[in-house]
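Structural features, examined
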Amino acid sequence: ACIQTDDGKSLCVARLNSKDRENIESIIKTIFDDHAGYRYGSVDIILTRQGPVVLEVNDQPYFGSESLFTRSLHENGISWKEFLDHQIKLALSEK
């Protein structure tokens, strides 16, 4: 599936088989587990013949209404309000 980025470019998202999906999910979980201060973020990954390669970890992703992060929330059935409420509850539970 392809989406249009804010700067007018097309970004195509791969359809992953279960093995690749599990591998990528494990990598992302490890990144966020190793950086306990991260509550949310985005990880840019490319899938090569040798496996996934992490390009960048964004601990403060762009939140514009058409951002990839915001689109990802929407595509997973999470409203902006639900996301913010969850983040506030997490922050308050750490005090």
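Because the structure is a prediction, the values reported are computed rather than measured.

1. Concerning the side chain of Asn 58
Note that Asn 58 resides in strand 4 (residues 51-58). Discounting chain neighbours no more than four positions away, the residues touching Asn 58 are Gly 41, Ser 42 and Asp 44.

2. Description of helix 2 (residues 68-75)
What sets the pattern is the α-helix's 3.6 residues per turn: residues three or four places apart point alike. Turning to helix 2, its buried residues number three or more, namely Phe 69, Thr 70, Arg 71 and Leu 73. The positive-phi residue at the C-terminal boundary of helix 2 is Gly 77, with phi of around 75°.

3. A word on the pattern of salt bridges
Opposite charge on two side chains allows them to pair when their charged atoms are near. For the coordinates displayed, the defined rule picks out 2 salt bridges. Close ionic contact of Lys 81 with Asp 85 constitutes a salt bridge, the shortest N to O distance being 2.7 Å. Taken together, the positions of Lys 81 and Asp 85, both in helix 3 (residues 80-93) and 4 residues apart, correspond to about one turn of that helix. On the accessibility criterion, Lys 81 (56% relative accessible area) is exposed.

About the cut-offs
- Residues numbered from 1 in each chain as written.
- Predicted model: local features only at pLDDT ≥ 70, side-chain atom pairs only at ≥ 80, totals over all residues.
- Heavy atoms only, no water.
- Helix = DSSP H or I, 4+ residues; strand = E, 2+ residues; numbered from the N terminus.
- Contact = heavy atoms within 4.5 Å.
- Buried < 20%, exposed > 50% of the residue type's maximum accessible area, 1.4 Å probe, protein only.
- Salt bridge = Lys/Arg side-chain N within 4 Å of Asp/Glu carboxyl O.

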